[in-house]
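# Remarks on the overall topology
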Amino acid sequence: MDAIVAQSVTKTYRVGVGRARIREMLPPPIDVGVRRLFPAWWLRNTFDALDGVSISIPAGSAVGLVGHNGAGKTTFLKIVAGVTSPSRGSVHVSGRIAALIDALVGFHPELTGRENTYLLGAMHGFSRRTMAARIDQILDFAEIEALVDTPLKRFSAGMAARLGFAALTALDVELLLVDEVLAVGDASFQRKCVEWLQGYRERGGTLVFVSHNLSLVRNMTERAVWLDHGRVVGDGPSGTILTRYVGAMERRRDAGPRGLGRHEIRTAMVADGRNRWGAGGAWVDEVHVEDPAGNGSALEMDLTYDAPALDAAVFCVGFVDEAGNDVGTAASQPMAIPGDHGAVRCVIKPLPLRTGVYFPVVAILSPDGRVRDRWKLDRAVVVQRDGDLTLDLGPIEIPADWSTGS
Amino acid sequence: MAGFAWAIVPSLITLGAATLVFHKVARIETGAIPYSVFVFAALAPWTFFSSSLNFGVPSVIQGQAMLTRLAFPRAALPFSMVGLALVDLAVASVTFVAFAYAMGEGLPITALWYPGLLLIEIVLTVGIVLFTSALNVFARDVKLAAPLLVQLWLFLTPVMYPLTSVPQSLRGYYNLNPMTGLVESFRRVLLYGQAPDPAMLLPTVVGAFVALALGSWYFAATEARFADVI
């Protein structure tokens with residue numbers, strides 16, 4: 001059974017201000033008449049946030065929505081949640097639904113944490129008494145006991161988001177729409193939310209999940225829908241769709257003003273302290289990454305450096321995933337290098353990584369382990385393996401020989 | 001901070017100011033009924049009407065945070081403000097009864113008409129509030145204009161002066177105002193021991209149901225767009 005069926009959903013918004021509001025002000029059926037009389041005026045300054053989106057989400061499944069900002073993800077959630085209605089098309093939802101839009105649940109700033117919890121309960125059909133019985137559980141989850149009788153307007157954004165998510169956990173929902181919940185809140189609270197969501201899924205809950213944290217989408221969902229300018233451009237297993245999505249984002253960037261080739265990385269020398277740091281004494285000058293097969297199965301990297309003559313230097317190439325987790329490193333033996341400028345070539349073949357998006361880190365170390373220069377590149381390597389249908393237990397491709405016995 | 005006092009203190013201040021300006025200075029006379037009692041009988045229902053409008057008109061846009069994230073009947077927002085004004089009216093009504101007895105007027109048996117008149121007033125108020133609060137989502141001018149119009153409406157309604165002091169030439173216009181029939185009826189049942197005059201109340205009843213029909217239709221027709229436009 002489908003929990004959500006969206007059929008050819010189109011949502012048209014007006015952009016700009018001023019007289020555009022007159023069009024909105026007209027109630028049906030007057031607006032239909034005006035639209036027929038002045039079609040050009042009626043359609044001026046409009047854009048389709050969603051354009052013919054059809055998605056069916058079976059009960060008990062988890063679907064991630066990905067896409068760049070303005071692709072229509074939040075609009076879709078709002079329509080499913082019933083906050084707004086589609087301009088054309090239809091949405092059918094079955095089951096008790098709750099939504100976290102923009103990481104907030106629609107609390108009233110003047111009401112206290114407790115009152116807001118009661119209000120949210122009332123909006124979802126729970127009596128004050130039921131919510132009062134659950135308030136300890138909610139506060140315990142949110143870890144904000146001290147603030148329960150403080151107006152929400154005095155909460156920090158993180159605190160408000162904590163209470164919002166915690167209140168949702170008490171609503172016995174069957175269908176949960178979560179929009180960037182984990183953008184706020186600290187790491188331990190995020191972990192708590194993820195654990196709760198996993199338990200919710202095990203209990204058979206349906207989840208629609210929007211996040212720019214792609215590894216989270218990959219972990220939380222088995223299916224992803226990729227929206228681009230209000231259209232569905234990809235719908236399938238999360239791993240496949242996310243890789244295609246990130247690959248497309250990388251290509252879009254490559255097509256930008258820097259005009260570099262698809263799998264080349266040549267980055268300006270900017271030490272911003274975040275992506276680049278080190279004790280100095282030797283610097284990576286330029287990095288050139290070649291992906292000869294175009295699918296990340298092997299990499300050829302050329303580094304040029306700028307250093308005085310050194311007896312021993314260790315060159316490293318490592319990878320971090322899109323969530324910033326360290327994935328693996330290739331390190332050279334200590335090498336004596338001549339002074340001034342030089343080049344080092346590093347061939348990784350095969351690249352033992354599974355389908356995903358990885359950012360290279362290049363570094364020069366001294367033999368005692370001191371980091372002279374460590375630089376996380378802002379261009380990613382996209383690894384795409386065919387038929388990559390496996391248990392998702394991390395990014396390392398472990399070489400193994402398999403055989404079937406009789 | 002003062003809590004419940006806000007339910008009644010503004011009315012009492014208005015009453016005091018009206019007594020000073022219209023009675024003591026402008027020498028408006030109200031016959032056998034003391035001026036303050038005479039005004040209070042109309043001011044309490046008027047205040048229900050005016051504060052419903054003043055708070056109800058911006059109520060939908062004030063609910064923006066909820067409106068853009070939760071699905072709920074949008075009419076709950078203006079209705080809650082009308083409900084709040086109704087609580088204030090309950091406090092004012094109790095105060096009025098105490099006041100009437102303290103001034104030696106007491107309450108005639110026709111006061112039993114009060115709930116019926118109040119019902120008509122609620123219908124009228126809800127209709128206007130639904131229409132204006134929805135319109136305000138699309139044009140914030142409504143929010144700015146509403147207090148001015150309510151103020152003007154107060155002056156054009158015989159709340160602080162008797163209808164009998166209005167020149168005959170203007171009476172026709174006065175009777176078109178649905179609030180005129182309403183406050184006059186409240187006075188008849190609360191002060192004079194008379195049943196409401198059907199001819200006088202007719203424009204009110206018609207106005208109330210037209211307002212309710214128009215207001216609820218417009219609100220229902222446009223509420224789906226609130227979250228998009230707000």
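Just so it is clear, the model here is predicted, and its values are computed rather than measured.

The next thing to look at is the overall build of chain B. A count of helices and strands for chain B gives 11 helices and zero strands. Ordered by position from the N terminus, the helices and strands of chain B form the series α-α-α-α-α-α-α-α-α-α-α. The C-alpha atoms of chain B give 18 Å as radius of gyration, which agrees with the globular expectation for 230 residues (17 Å, within 12%). Across chain B, the fraction of contacts at a sequence separation of at least 24, relative to all contacts at a separation of at least 6, is 79%.

Of regular secondary structure, chain A possesses 10 helices and 19 strands. In chain A, the proportion of contacts linking residues at least 24 apart, taken out of those at least 6 apart, comes to 71%.

Let us look at the domain arrangement of chain A. All names here are of chain A. Looking at the assigned domains, one finds that chain A contains domain 1 (2-250) and domain 2 (276-383). Contacts between the two partners involve eight residues from domain 1, matched on the other side by nine residues from domain 2. Elements with a minimum of two residues in the side of domain 1 that touches domain 2: α9 (214-220) and α10 (238-254). Among the elements that line the side of domain 1 that touches domain 2, the one with the most residues is α10, at five residues.

What follows covers the sheet that holds strand β4 (residues 88-93) of chain A. Across a sheet, paired strands are connected by hydrogen bonds in the backbone, their directions being either parallel or antiparallel. Residue and element names in this part refer to chain A. Strand order across the open sheet formed by three strands is β2-β1-β4, with antiparallel pairing between neighbours. The sheet terminates laterally at β2 (46-58) and β4, the two strands that pair on one side only. Recorded for the sheet is a direction-independent mean angle of 20° between the axes of neighbouring strands. As judged from the nine bridges shared by strand β1 (residues 2-14) and β2, these two strands associate in the antiparallel manner.

A word on unusual backbone geometry. Residue and element names in this part refer to chain A. Residue P28 is joined to P29 through a cis peptide bond whose omega torsion reads 5°. Examined against the element boundaries, P29 turns out to sit in the loop between α1 (20-25) and α2 (30-37). In the segment running from K349 into P350, the intervening peptide bond is cis, with an omega of -5°. Mapping P350 onto the fold places it in the loop between β16 (340-348) and β17 (356-365).

Our focus in this paragraph is the nonpolar core. With 132 residues, the main nonpolar core has F209 of chain A together with V39 of chain B as its most contacted residues. A total of 13 residues in this core trace back to one element, the largest contributor, which is helix α2 (residues 35-56) of chain B. Not counting chain neighbours up to four residues away, the residues in contact with F209 of chain A comprise A62, V63, G64, L65, V178, V217, M220 and T221 of chain A. Formed by 27 residues, the second largest nonpolar core is a distinct cluster that contains V287, Y305, F319 and L365 of chain A.

In this section: the interface of chain B and chain A. With 18 residues of chain B at the contact, the number on the chain A side is 21 residues. Elements supplying a minimum of two residues to the side of chain B that touches chain A: α4 (64-67), α6 (114-138), α10 (198-222) and α11 (226-229) of chain B. Taken together, the residues that form the side of chain B that touches chain A break down as 13 nonpolar, two polar and three charged.

With that settled, the discussion passes to the sheet that holds strand β11 (residues 283-290) of chain A. Residues and elements named next belong to chain A. Spatially, β11-β12-β16 is the arrangement adopted by the three strands of the open sheet, whose pairing is antiparallel. The sheet is open, and its two edges are formed by β11 and β16, each paired on a single side. The average undirected angle you get between the axes of adjacent strands in this sheet is 15°. Direction of pairing for β11 relative to strand β12 (residues 299-307): antiparallel, over a ladder of seven bridges. Opposite E286, over in β12, you have T304 as the bridge partner.

Attention shifts here to the environment of L12 of chain B. Among the secondary structure elements, L12 of chain B is positioned in helix α1 (residues 5-25). Measuring from C-alpha to C-alpha, the distance between L12 of chain B and V87 of chain B comes to 16 Å, with 75 residues separating the pair along the chain.

Below, the discussion takes up the environment of D291 of chain A. Residues and elements named next belong to chain A. With respect to the helices, strands and loops of the structure, D291 is situated in the loop between β11 and β12. Accessibility expressed as a C-beta count within 10 Å gives 21 for D291, which makes it buried. Distance from D291 to V381, taken between C-alpha atoms, is 8.2 Å for residues 90 residues apart in sequence.

Glancing now at the confidence of the model for chain A. Mean pLDDT over chain A stands at 83; residues scoring 70 or higher make up 89%. Throughout residues 255-272 of chain A the model reports pLDDT below 50, and contacts reaching past four residues in sequence, or to other chains, amount to 22 contacts.

Our focus in this paragraph is the confidence of the model for chain B. Caution is warranted with low-pLDDT regions, since their predicted coordinates should not be read in detail. Looking at chain B, pLDDT values average 91 and 99% of them are 70 or higher. Here the predicted complex carries an ipTM of 0.79, next to a pTM of 0.77.

Turning to the packing of α6 of chain B against helix α9 (residues 178-192) of chain B, a few remarks are in order. Residue and element names in this part refer to chain B. For the pair α6 and α9, the least separation of the axes is 10 Å and the interaxial angle reads 165°. Between α6 and α9, the interaxial angle falls into the category roughly antiparallel. Taken as a pair, α6 and α9 cross one another with a handedness that is left-handed. For the pair α6 and α9, the contacting residues are Y114, L117, I120, E121 and L124 in the first and P178, L182, S185, F186, V189 and L190 in the second.

Next up on the list: the pairing of strand β14 (residues 326-331) of chain A. All names here are of chain A. Pairing of strand β13 (residues 310-321) with β14, which is carried by five bridges, proceeds in the antiparallel orientation. Bridging across to β14, F319 finds its partner in G328. Here β13 folds back onto β14, and the loop between the two strands holds four residues, one of which, G324, carries a positive phi near 95°.

The next thing to look at is the pairing of strand β18 (residues 371-376) of chain A. Residue and element names in this part refer to chain A. One ladder, built from two bridges, connects strand β10 (residues 276-277) with β18; its direction is antiparallel. The partner of R276 across the bridge, within β18, is W375. Pairing geometry for β17 and β18, over five bridges, is antiparallel. In the strand pairing of β18, A363 is matched with R374. The turn joining β17 and β18, which pair antiparallel and follow one another in sequence, is formed by five residues; a positive phi near 95° is taken by G369.

What counts and how
- Numbers given for residues are sequential positions, taken from 1 along each chain in its written order.
- Chain labels run from A onward and ligand labels from 1 onward, assigned in the order the entries are written.
- Local features are withheld for residues below a pLDDT of 70 in this predicted model, meaning they are given only at 70 or higher, and side-chain atom pairs are given and counted only at 80 or more; totals for whole chains, interfaces and linings count all residues.
- Counting from the N terminus, the helices are DSSP H or I runs at least four residues long and the strands are E runs at least two residues long.
- Note on method: radius of gyration uses C-alpha positions; expected globular size equals 2.2 Å times residues raised to 0.38.
- Contact criterion: two residues are in contact if their C-beta atoms, reconstructed from the backbone, are within 7 Å.
- Domain delimitation in this document rests on an assignment produced automatically or drawn from a domain database.
- Pairing between strands requires that DSSP locate at least two bridges from one strand to the other.
- Fitting a line to C-alpha atoms yields each axis, with helices limited to the stretch in contact; the angle taken between N-to-C directions then spans 0 to 180 degrees.
- For this analysis, nonpolar core means a set of buried Ala, Val, Leu, Ile, Met, Phe, Trp, Tyr and Cys residues linked through C-beta atoms within 7 Å.
- Residues with at least 20 neighbouring C-beta atoms inside 10 Å of their own are called buried, those with 12 or fewer are called exposed, and the rest are partly exposed, where every C-beta is derived from the backbone.
- Each residue receives one of three labels: charged for Asp, Glu, Lys and Arg, nonpolar for Ala, Val, Leu, Ile, Met, Phe, Trp, Tyr, Cys and Pro, and polar for the others, Gly being one of them.
- Every residue gets a pLDDT, meaning the predictor's confidence in that residue, from 0 to 100.
- Should an angle fall under 35 degrees it is called roughly parallel, over 145 degrees roughly antiparallel, and 65 to 115 degrees roughly perpendicular, with every other angle called oblique.
- Should the near helix be turned anticlockwise from the far one by less than a right angle, the crossing is left-handed, and should it be turned clockwise, the crossing is right-handed.

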